[in-house]
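The primary structure of each chain is shown beneath.
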Amino acid sequence: GVAIIRLGRSYRITDQRVAARRGMLAKSLSEVEIKDIRNITLEQSFFQRLVGVGDIGISSAGGEEVEVTFEGISGAEAVKERIRAARRPGEASVGE
């Protein structure tokens, strides 16, 4: 799996699920099972594109809205592709 840790936030991608945890004092955890992922979005403002970061949104079959958001991720396109590859077992993941 992959873990991305930022101040007060951590994001995890495993072969089972994607998860976003926020907060230092109060905590919030959102997760979606890999097998349930139906949509992966990548949003980048002009400034985010200049500095090479982006926001990834993940939704499942059970919801119409984004359920897990990875915010301000460096190398967002590669992270998005890694999640996409995890949905299709046997496909090589980015960075491997």
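Whatever comes next refers back to the structure up there.
1. Re the overall build of the protein chain
Then, number 1: For the protein chain, the helix and strand inventory stands at two helices and seven strands.
Then, number 2: When the elements of the protein chain are put in sequence order from the N terminus, they spell out β-β-β-β-β-α-β-β-α.
Then, number 3: Expected size for 96 residues packed as a compact globule is a radius of gyration near 12 Å; at 13 Å, the protein chain falls within 12% of this value.
Then, number 4: The buried share among the 96 residues of the protein chain stands at 29%.
Then, number 5: Pairs at least 24 residues apart make up 30% of the contacts formed inside the protein chain by residues separated by at least 6 positions.
Then, number 6: A total of about 6200 Å² of accessible surface is found on the protein chain, and carbon and sulfur atoms cover 48% of it.
Then, number 7: For the protein chain, the distance from the average position of its 15 positive side-chain charges to the average position of its 14 negative side-chain charges is 4 Å.

2. Section: the environment of Val68
Then, number 1: The residue Val68 is located in strand S7 (residues 68-74) in this model.
Then, number 2: In sequence terms Val68 and Ala20 are 48 residues apart; their C-alpha atoms lie 6.3 Å from each other.
Then, number 3: For Val68, the residues in contact, after removing those within four places along its chain, are Val18, Ala19, Ala20, Ser30, Glu31, Val32, Ile56, Gly57 and Ile58.

3. Considering the packing of aromatic side chains
Here a ring pair, both rings aromatic, is described through the centre-centre distance and the interplanar angle of the planes.
Then, number 1: As enumerated under the stated definition, the model contains one aromatic pair in all.
Then, number 2: Between Tyr11 and Phe70, the aromatic rings sit 4.7 Å apart at their centres with planes inclined by 35 degrees, giving tilted as the arrangement. A residue pair is termed long-range when its members are at least 10 positions apart, and Tyr11 in strand S2 (residues 9-13) and Phe70 in strand S7 qualify at 59 residues. Comparing Tyr11 with Phe70 shows no difference in burial state: the two are buried.

Parameters at a glance
Residues numbered from 1 in each chain as written. Predicted model: local features only at pLDDT ≥ 70, side-chain atom pairs only at ≥ 80, totals over all residues. Heavy atoms only, no water. Helix = DSSP H or I, 4+ residues; strand = E, 2+ residues; numbered from the N terminus. Rg over C-alpha atoms; globule rule 2.2 N^0.38 Å. Buried < 20%, exposed > 50% of the residue type's maximum accessible area, 1.4 Å probe, protein only. Contact = heavy atoms within 4.5 Å. Areas by Shrake-Rupley, 256 points an atom, 1.4 Å probe, with all protein chains shown as cover. Lys, Arg positive; Asp, Glu negative; His and termini not counted. Charge placed at Lys NZ, Arg CZ, Asp CG, Glu CD. Phe/Tyr/Trp six-rings, centres within 6.5 Å; stacked < 30°, edge-to-face > 60°.

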